[in-house]
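What follows is each chain in one-letter form.
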Amino acid sequence: MNQRDTIFAKALPSVSDFCFDQQVVEVFPDMINRSVPGYASILQTLPQLTARFARPGTRLYDLGCSLGAATLALRKGCEQTPETEIIAVDNSEAMIERAQLHLQGFKSQVPVSLHCEDIRDTVIERASVVVLNFTLQFVPREQRQQLINNIFAGLVDGGVLLIAEKIVADDAAIDPVLVDLHHDFKRANGYSELEISQKRAAIENVMKIDSQATHQQRFKEAGFSSSGSWFQCFNFAAMLAIKGTAE
Ligand code: GEK
């Protein structure tokens with residue numbers, strides 16, 4: 001059923017900034033799986049992490065939910081935790097509409113509400129788990145600390161932020177190695193040189209990536225007592241930050 005991503009397959013007269021519109025929605029699962037090394041592994045592990053941190057009577061947030069892949073992982077992970085609810089947010093109307101249809105295809109007792117809004121405006125309350133799965137990289141850099149502070153404030157003690165991002169290596173000599181490995185990954189998944197270069201041009205103004213050290217510093221600044229990374233594949237990493245000491 002998944003349509004193949006051929007958005008950048010033909011030479012475009014000029015490459016516009018990337019946006020999450022209907023055209024992207026149609027090919028999104030194929031695009032993210034063929035472009036993001038480790039995406040499937042991260043999603044596979046989210047239920048386990050969720051089950052560990054979800055608390056009865058709390059909310060779980062998926063910020064930048066796209067079609068709801070991480071929302072489903074959260075739902076699987078909190079099924080045994082009483083009175084939990086999930087709030088999934090994305091500011092692309094096309095994504096939210098398709099996510100609604102997608103989520104209806106899976107049965108669960110855990111209520112999910114989808115919101116079409118900017119995650120910078122989302123009120124986070126009584127949260128035990130907050131997921132930012134490849135979303136923070138699209139938020140303007142100067143607003144990232146405020147967003148992380150807001151998430152921290154809305155987490156219960158022992159709550160967790162689960163975040164995955166494309167990263168720049170902390171060591172400048174290592175970065176080109178990781179970038180090349182990523183491009184080889186895309187080639188191995190069938191993307192042409194033209195597709196790789198046009199996608200890079202489309203995304204460079206809208207996706208700004210940080211180093212893991214910058215992310216960890218931001219978590220610390222927000223007040224998280226512990227943080228670290230739990231997965232890395234080339235220049236893509238998944239991290240967690242815990243509020244307080246309770247687990
Ligand atoms: C997954 N988490 O499959 N407010 C709300 N949504 C936003 C904002 C914002 N300010 N900025 C970007 N988005 C998903 C994958 S994709 C990652 C996340 C990628 C949304 C945007 O509309 C898109 O749906 C999503 O964040 C990023 O696990 O495509 O690389």
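Here we summarise the structure given alongside this text. The structure displayed is predicted, hence computed values, not measured ones.

To continue, consider the pairing of strand E3 (residues 112-116). Relative to E3, strand E2 (residues 85-90) runs parallel, the two being bridged by five bridges. Within E3, the residue paired with Ile87 across the bridge is Ser113. Once you follow E2 into helix H4 (residues 93-104) and on to E3, the crossover reads as right-handed.

What follows covers the side chain of Asp210. Within the fold, Asp210 resides in strand E6 (residues 210-211). A polar atom in the side chain of Asp210 sits 2.9 Å from the side chain of Arg218. For Asp210, the residues in contact, after removing those within four places along its chain, are Arg141, Arg144, Lys166, Ile167, Val168, His215 and Arg218.

Overall, the coordinates contain 10 salt bridges when judged by the stated rule. The closest approach of N and O atoms between Arg187 and Glu193, which form a salt bridge, is 2.5 Å. Residue classification places Glu193 among the partly exposed positions, given a relative accessible area of 47%. Taken together, the shared-partner salt bridges in this structure form one network comprising Arg141, Arg144, Asp210 and Arg218.

What follows deals with the packing of aromatic side chains. Within the structure shown, the criterion is met by seven aromatic pairs. When the ring of Phe18 is compared with that of Phe20, the centres are 5.2 Å apart and the planes differ by 85 degrees; the resulting orientation is edge-to-face. Under the relative-accessibility criterion, Phe18 is labelled buried at 8%. On the numbers, 5.2 Å between centres and 90 degrees between planes, the contact of Phe20 with Phe138 is edge-to-face. Of this pair, Phe20 sits in the segment before helix H1 (22-35) while Phe138 is found in the loop between strand E4 (127-133) and helix H5 (144-154), placing the two residues 118 residues apart along the sequence. Of the residues examined, Phe138 reaches a relative accessible area of 27% and is grouped as partly exposed. Taken together, the ring pairs connect Phe18, Phe20 and Phe138 into an aromatic cluster. The ring of Phe18 has Lys199 sitting right over it, with the charged end atom 5.1 Å from the ring centre. The ring centre of Phe152 lies 4.5 Å from the NZ or CZ of Lys243, which sits over that ring.

Before going further, it helps to examine the site of the ligand. The immediate surroundings of the ligand are formed by 20 residues, with Tyr39, Gly64, Ser66, Asp90 and Asn133 found nearest. With respect to the ligand, the backbone of Gly64 contributes an N or O atom lying 2.8 Å from a nitrogen atom. Asp118 is positioned with one of its side-chain polar atoms (N or O) 3.1 Å from a nitrogen atom of the ligand. Coverage of the ligand by the protein amounts to 94% of the 650 Å² it exposes when considered alone. Tallied by class, the residues present in the shell around the ligand amount to 10 nonpolar, seven polar and three charged.

What follows concerns helix H8 (residues 212-222). Every buried residue belonging to H8 is among Gln212, His215, Gln216, Arg218, Phe219 and Ala222, and all of these are buried. Each buried residue of H8 sits inside an arc of 155 degrees when the element is viewed along its axis, so together they form one side. Facing away from the buried side of H8 by more than 90 degrees, the exposed set consists of Lys220 and Glu221. Where H8 is buried, its residues contact H5, strand E5 (155-168), E6, strand E7 (226-233) and strand E8 (236-242). Following H8 by one or two positions, Gly223 has its phi on the positive side, about 120 degrees.

Positive phi, close to 45 degrees, is recorded for Arg126, a residue that is not glycine. Inspection of the secondary structure assignment puts Arg126 in the loop between E3 and E4. Take Arg126: its relative accessible area is 44%, and that puts it in the partly exposed class. In this structure, Phe134 is a non-glycine residue whose phi angle is positive, near 65 degrees.

What counts, and where the lines are drawn
- Residues numbered from 1 in each chain as written.
- Predicted model: local features only at pLDDT ≥ 70, side-chain atom pairs only at ≥ 80, totals over all residues.
- Heavy atoms only, no water.
- Pairing = 2+ DSSP bridges.
- Helix = DSSP H or I, 4+ residues; strand = E, 2+ residues; numbered from the N terminus.
- Right-handed = clockwise from strand over helix to strand, strands pointing away.
- Polar contact = N/O pair within 3.5 Å; in protein donor to acceptor, adjacent residues only side chain to side chain.
- Contact = heavy atoms within 4.5 Å.
- Salt bridge = Lys/Arg side-chain N within 4 Å of Asp/Glu carboxyl O.
- Buried < 20%, exposed > 50% of the residue type's maximum accessible area, 1.4 Å probe, protein only.
- Phe/Tyr/Trp six-rings, centres within 6.5 Å; stacked < 30°, edge-to-face > 60°.
- Lys NZ or Arg CZ within 6 Å of the ring centre and 35° of its normal.
- Near = heavy atom within 4 Å.
- Areas by Shrake-Rupley, 256 points an atom, 1.4 Å probe, with all protein chains shown as cover.
- Nonpolar A, V, L, I, M, F, W, Y, C, P; charged D, E, K, R; others polar.
- Arc of directions from axis to C-beta.

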